[in-house]
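# Structure at a glance
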Amino acid sequence: ARQVGKTSLLHQVLHEAQQRADVDCVKLDLQGIDSAEEFVDALREALSDKGVVCESRTLAGTLSALEQASAPRMPVLLINEVDGLLQKQPSVIQQLRARHEAQRMRFVFVGYAPVLWSLTDVGSPFYHFTSGDTDGAFVLGPLDEPDCRQ
């Protein structure tokens, strides 16, 4: 029922972004992750896979380590299955948003219905997350079968 191709699209975005010299991408799969501590552990592991040693165990410190390791490129976190974190620990999303608004990081979030609902919920950290003159959110609806096969 959930097989709508979100993860495949995320992999394609990652592949294309890796061809660019101005961004440094890190992909995180958050399936089953719904706490700040688990998010930090997943990010630290992803950094380790890139050869980056991160001593910090805090979200702010780990995000700063990513920024430092990526410089002068823009760090881009591609985050799959963000729903649990959004529902249980929205403060993490708020901290990510702060980095985005400070133009220190960029994000690609992939999720299911809770993410869609949160885009119009004034109390959600995703509400107007991508507002601005250069960025914007877009929601992919159901694809026709022929389109899926392409």
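The following refers to the structure shown. Positions within a chain are numbered from 1, following the residues in the order the chain's sequence is written. Since the coordinates come from a predicted model, pLDDT governs what is reported: local features require at least 70, and pairs of side-chain atoms require 80 or more to be given and counted, while whole-chain, interface and lining totals use all residues. Calculation of side-chain values draws on the structure's entire complement of heavy atoms; hydrogens and water are dropped beforehand.

## Points about the overall build of the chain
Per the convention used, a helix needs a DSSP run of H or I reaching at least four residues, while a strand needs a run of E reaching at least two, with both numbered from the N terminus. Tallying secondary structure elements over the chain gives seven helices and three strands in all. Written out in order from the N terminus, the α and β elements of the chain read α-β-α-α-β-α-α-β-α-α. Three labels apply to residues, based on accessible area from a 1.4 Å probe with only protein chains included: buried if under 20% of the type maximum, exposed if over 50%, partly exposed otherwise in between. The proportion of buried residues among the 150 residues of the chain is 37%. For the chain, long-range pairs separated by at least 24 residues make up 64% of all intrachain contacts whose partners lie at least 6 apart in sequence. Methods summary: accessible areas were calculated by the Shrake-Rupley approach with a probe of 1.4 Å, and residue burial reflects only the protein chains presented. In the structure as shown, the chain presents an accessible area of about 9,100 Å², 50% of it carried by carbon and sulfur atoms. Pairs of residues are marked as contacts when any of their non-hydrogen atoms sit within 4.5 Å.

## Here we look at the environment of K6
Tracing the backbone shows K6 in helix α1 (residues 6-17). Look at K6 and you get buried, because its relative accessible area is 17%. On a C-alpha basis, the gap between K6 and E81 in space is 9.3 Å, while along the polypeptide they are 75 residues apart. Not counting residues up to four positions away in its chain, the partners in contact with K6 are V110, G111 and Y112.

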